[in-house]
Amino acid sequence: MRLSQMLFVTLREDPAEAEIPSHKLLLRAGYIRRIGSGIYAYLPLMWRVLKKVSQIVREEMDATGAQECLLPQLQPADLWRESGRWDTYTQAEGIMFAMTDRQQRELGLGPTHEEVITTIAKDMIRSYRQLPLHLYQIQTKFRDEIRPRFGLMRGREFIMKDGYSFHTNEESLKKTYQDMAQAYSNMLRRSGLQFRAVDADSGAIGGSGSQEFMVLAEAGEDEVLYTEDGQYAANVEKAVSMPADVEPSPFATFEKRETPGTETIDKLCKFLKCSPTQVVKNVLYQAVYDNGMTVLVLVSIRGDQDVNQVKLLNELTKLAGNYQAKTVLFLTVPDAEAQRKWAAKSLPLGYMAPDVADDYIAGSKEVNSKFLRLVDRTAVDLTNFVTGSNESGYHVVGANWDREFPLPALVVGVRTAKKGDRAVHNPEQTLQSARGIEVGHIFQLGTKYSQAMGATYTSEQGEEMPFVMGCYGVGVSRLAQSAVEQSYDKDGIIWPVAIAPYHAIISIPNISDAQQVEVAEKLYAELNQSGIETLLDDRDERAGVKFKDADLIGIPYRIVPGRSLKAGKVEVVERATHKSQEILIDEVNSTLKQWIEAAIN
Ligand code: ATP
Ligand code: MG
């Protein structure tokens, strides 16, 4: 491609809308253009990158025996009602774009395809003999993200590879899951990314496991905890660790103490000269279940620990049946405004005890009249502890479970693991923290969807059994931008060779120099012919401008037919290192071939 004929527009200044380096660079270098909130046009250079990433993904998927297909993006609401996700996706989370057609039928724009694929399996897979089966597609997904940001990282329209596998049993599912873990590692390695596979939250779906593939970068929205021995890595939403040891309590007898202005653990411990490990703090949450029922949740946890909302949400989802509900729609820390809806009197916030009375709640049809009391494991074994007194300005010290306070019946593990904690697998290892961009997620679904949608096959014994399923997603457009986030310098993008839009760019310093043009044209034709994807910068611009642009768009090798032509050579500059060499014109092709092959494999 000749730059003179291309839609090639680069910007000198950082666009104001962009916050992170990769987003700025892709806009400045003319790869993408914002059309609306979370909506981007992939311009020709970007589309080439996306096709390369897709091709790597496709090759790795095909190698596992998965089959490519293409499913509809317009999805009937009925399918989502069958699985029970229509209301959650269109109302509670509101992530699905929903519409009504002229016949008054409701439809959604596909954010994911479990419903569509399960209905196909239900129709077409009759017998165990047809299993296992794995279908995948590479397609645009739609999600009405609350906070679209960072360009392609979190768009409302983005490209995903999603695959779904069907099995007769868990063992077969596990095998495909392992194959996918390997395929995903291959994809990311081949795309030139530094990444880590981490244990991930499986959410309310349950199942026996899920892993996320995290590209390591400061701009990542996820926190990853890992150990240096390489034995453990998990998303903080899922991570487990050993809490610090408890310090002995200085309070031998139970008494109430005046503790003015100690509504935080910090202030309280300073005031009482005790360790936060000797405090039971009581944290209030408000859950709204899918039948509209609001439940006030009181979590008692050790003072030096924090509640992990994802873990708490999972516990509350398990308890949905107690409130005649299926799932939790919202989980929040109720602010003053929220409290006004149900608080019968003003709560002793900051001074609540595990037994804070239920009559603080004005129960109603929509509000459960009793606190749901949970105790985290870290608080269960404490003795002679400090906690609230249910009276503002006072705490109690020297308290014990089942003496001063009944131990809540529901013991849960909802503490947040954090950097510096000792690892469970080996207490000599401490957890380290890193930021990650989730580019892939693989999941053992089990029978959640097949059961909900009545998707069964006939087993060898002649029984009707629900499919055991897995699902596997990788964000193609997010992956492409992550590569930039990991690889750039002050001059611009440094594409990994495997996914660069072009391998080489020939920058003609002066287009009125006939010899320069002649050599450039010859190399341009020759390189492209031999499979080295090459751009020709034949614009009537100063050499400096051309070099700057070539650096900005990040093409791995820049070829300059300049002064060295006298010696029958051209200058070849490697983008990543700025290292320059003079190479005989006749050897450019074979040299580049070698370099590219070495970089890709
Ligand atoms: P996130 O937690 O970042 O919102 P998710 O867990 O909802 O993502 P999945 O449903 O697991 O995402 O989708 C599979 C993959 O699709 C993700 O790992 C990610 O790479 C990509 N992806 C998800 N949402 C977006 C988005 N809004 N923009 C771009 N890529 C996305
Ligand atoms: Mg995910």
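What you see is a predicted model; the values in this text were computed from it and never measured.

Conventions we followed
Residues numbered from 1 in each chain as written. Chains lettered and ligands numbered in written order. Predicted model: local features only at pLDDT ≥ 70, side-chain atom pairs only at ≥ 80, totals over all residues. Heavy atoms only, no water. Donors = N, O, S within 2.8 Å, 3.2 Å for Na, K, Ca; no water. Buried < 20%, exposed > 50% of the residue type's maximum accessible area, 1.4 Å probe, protein only. Near = heavy atom within 4 Å. Polar contact = N/O pair within 3.5 Å; in protein donor to acceptor, adjacent residues only side chain to side chain. Areas by Shrake-Rupley, 256 points an atom, 1.4 Å probe, with all protein chains shown as cover. Helix = DSSP H or I, 4+ residues; strand = E, 2+ residues; numbered from the N terminus. Nonpolar A, V, L, I, M, F, W, Y, C, P; charged D, E, K, R; others polar. Patch = residues over 30% accessible without salt bridge, like charges linked within 9 Å, V, L, I, M, F, W, Y side chains within 5 Å. Salt bridge = Lys/Arg side-chain N within 4 Å of Asp/Glu carboxyl O. Phe/Tyr/Trp six-rings, centres within 6.5 Å; stacked < 30°, edge-to-face > 60°. Lys NZ or Arg CZ within 6 Å of the ring centre and 35° of its normal. Pairing = 2+ DSSP bridges. Axes fitted to C-alpha atoms, helices over the stretch in contact; angles between N-to-C directions. Contact = heavy atoms within 4.5 Å. Domains from an automatic or database assignment. Buried area = accessible area lost by both parts, 1.4 Å probe.

A short note on the coordination of the magnesium ion (ligand 2)
Piece 1. Coordination of the magnesium ion (ligand 2) by the protein comes from Glu438 (OE) and His441 (ND1), over a distance range of 2.3 to 2.4 Å.
Piece 2. On the accessibility criterion, His441 (17% relative accessible area) is buried.

What about the site of ligand 1?
Piece 1. Lining the immediate environment of ligand 1, one finds 14 residues, of which Glu145, Arg154, Gly155, Glu438 and Val439 sit closest.
Piece 2. In the model, an oxygen atom of ligand 1 is placed 3.4 Å from a nitrogen or oxygen of the His441 side chain.
Piece 3. A distance of 3.2 Å separates an oxygen atom of ligand 1 from a polar atom in the backbone of Gly475.
Piece 4. Relative to its unbound accessible area of 580 Å², ligand 1 is 80% covered by the protein chains.
Piece 5. Going through the elements one at a time, strand S8 (157–167) and strand S21 (432–446) are the ones with two or more residues in the shell around ligand 1.
Piece 6. Split by residue class, the shell around ligand 1 holds five nonpolar, four polar and five charged.

Side note on helix H8 (residues 309–318)
Piece 1. Inspection of H8 places Lys311, Leu312, Asn314, Glu315, Leu316 and Thr317 among the buried residues, and these make up the whole buried set.
Piece 2. N-cap assignment for H8: the residue whose side-chain oxygen lies 2.9 Å from the backbone N of Val310 is Asn308.

Comments concerning a nonpolar patch on the surface
Piece 1. Together, Leu7, Val9 and Leu11 line one region of the surface with nonpolar side chains, adding up to about 260 Å² of accessible area.
Piece 2. With respect to the helices and strands, the residue Leu11 is situated in the segment before helix H1 (21–28).

A few points about the packing of aromatic side chains
Piece 1. With the rule as written, the count across this model stands at ten aromatic pairs.
Piece 2. Between Tyr31 and Trp495, the ring centres sit 5.6 Å apart and the planes meet at 55°, which makes this aromatic pair tilted. Here Tyr31 is found in the loop between H1 and strand S1 (32–36), whereas its partner Trp495 is found in the loop between strand S26 (492–493) and strand S27 (504–507), with 464 residues between them in sequence.
Piece 3. Between the NZ or CZ atom of Arg48 and the centre of the ring of Tyr502, over which it lies, the distance is 3.8 Å.

Some details on the pattern of salt bridges
Piece 1. Per the stated rule, a full pass over the model turns up 39 salt bridges.
Piece 2. A salt bridge links Glu263 to Lys267; the nearest nitrogen and oxygen atoms lie 3.0 Å apart.
Piece 3. A relative accessible area of 40% places Glu263 in the partly exposed class.
Piece 4. Look at Lys267 and you get partly exposed, because its relative accessible area is 42%.
Piece 5. Here the salt bridges do not stand alone but share partners, grouping Glu145, Arg149, Arg154 and Glu221 into one network.

Regarding the environment of Tyr457
Piece 1. Relative to the assigned elements, Tyr457 resides in strand S22 (residues 456–458).
Piece 2. Looking at Tyr457, the relative accessible area reads 3%, which means it is buried.
Piece 3. Linking Tyr457 and Asp123, residues 334 residues apart in sequence, is a C-alpha distance of 9.7 Å.
Piece 4. From its side chain, Tyr457 meets the backbone oxygen of Thr168 in a polar contact 3.2 Å long.

Considerations on the sheet that holds strand S28 (residues 534–537)
Strand pairing in a sheet takes place through backbone hydrogen bonds and is either antiparallel or parallel in direction.
Piece 1. What the five strands build is an open sheet, ordered S28-S27-S29-S30-S31; its pairing is mixed. Strands at the two margins of the open sheet, each flanked by one partner only, are S28 and strand S31 (580–584). When the angles between neighbouring strand axes are averaged without regard to direction, this sheet yields 25°.
Piece 2. Most of the contacts of helix H13 (residues 514–529) go to S28, to which it runs at about 160°, and overall it touches S27, S28, strand S29 (557–560) and strand S30 (569–574).

Quick word on helix H12 (residues 476–486)
Piece 1. In terms of residue burial, H12 counts as a mostly covered element, since ten of its eleven residues are buried.
Piece 2. For H12, the full list of buried residues reads Val476, Ser477, Arg478, Leu479, Ala480, Gln481, Ser482, Ala483, Val484 and Glu485.

Some words on the domain arrangement of the protein
Piece 1. Domain annotation of the protein identifies domain 1 (3–240 + 433–484), domain 2 (255–415) and domain 3 (502–600).
Piece 2. Domain 1 and domain 3 are separated by 38 Å when their C-alpha centres are compared.
Piece 3. Of the residues lining the interface, 14 residues belong to domain 1; the matching set on domain 3 comes to 13 residues.
Piece 4. For domain 1, the biggest contributors to the area lost against domain 3 are Leu3, Phe8 and Arg48; these three give 40% of the whole.
Piece 5. Here Lys52 makes a salt bridge to Glu533, at a shortest N to O gap of 2.6 Å.
Piece 6. At the junction of domain 1 and domain 3, the tally comes to seven residue pairs in polar contact (both at pLDDT 80 or more).
Piece 7. For the side of domain 1 that touches domain 3, the secondary-structure elements that each account for two or more residues are H1 and helix H2 (44–63).
Piece 8. Top element by residues in the side of domain 1 that touches domain 3 is H2. It accounts for three residues.

Thoughts on unusual backbone geometry
Piece 1. Note that the residue after Leu131, namely Pro132, is joined by a cis bond; omega there is 0°.
Piece 2. Here Pro132 lies in the loop between helix H5 (114–124) and strand S7 (133–142).
Piece 3. Phi at Gln324 takes a positive value of approximately 55°, unusual for a residue other than glycine.
Piece 4. If you trace the backbone, Gln324 turns up in the loop between H8 and strand S16 (328–332).
Piece 5. When its relative accessible area of 67% is taken as the criterion, Gln324 is described as exposed.

Focus: the sheet that holds strand S14 (residues 280–289)
Piece 1. Strand order across the open sheet formed by five strands is S16-S14-S15-S17-S20, with mixed pairing between neighbours. Two strands bound the open sheet, and with one partner strand each, they are S16 and strand S20 (410–412). Averaged over all adjacent pairs, the angle separating strand axes in this sheet is 30°, with direction ignored.
Piece 2. Looking at chain direction, S14 and strand S15 (residues 294–302) are connected through nine bridges and run antiparallel. Pairing of Tyr285 across the sheet is with Val297, part of S15.
Piece 3. Strands in contact with H8 are S14, S15, S16, strand S17 (372–376) and S20; relative to S16, the strand with the most contacts, it is inclined by about 140°.

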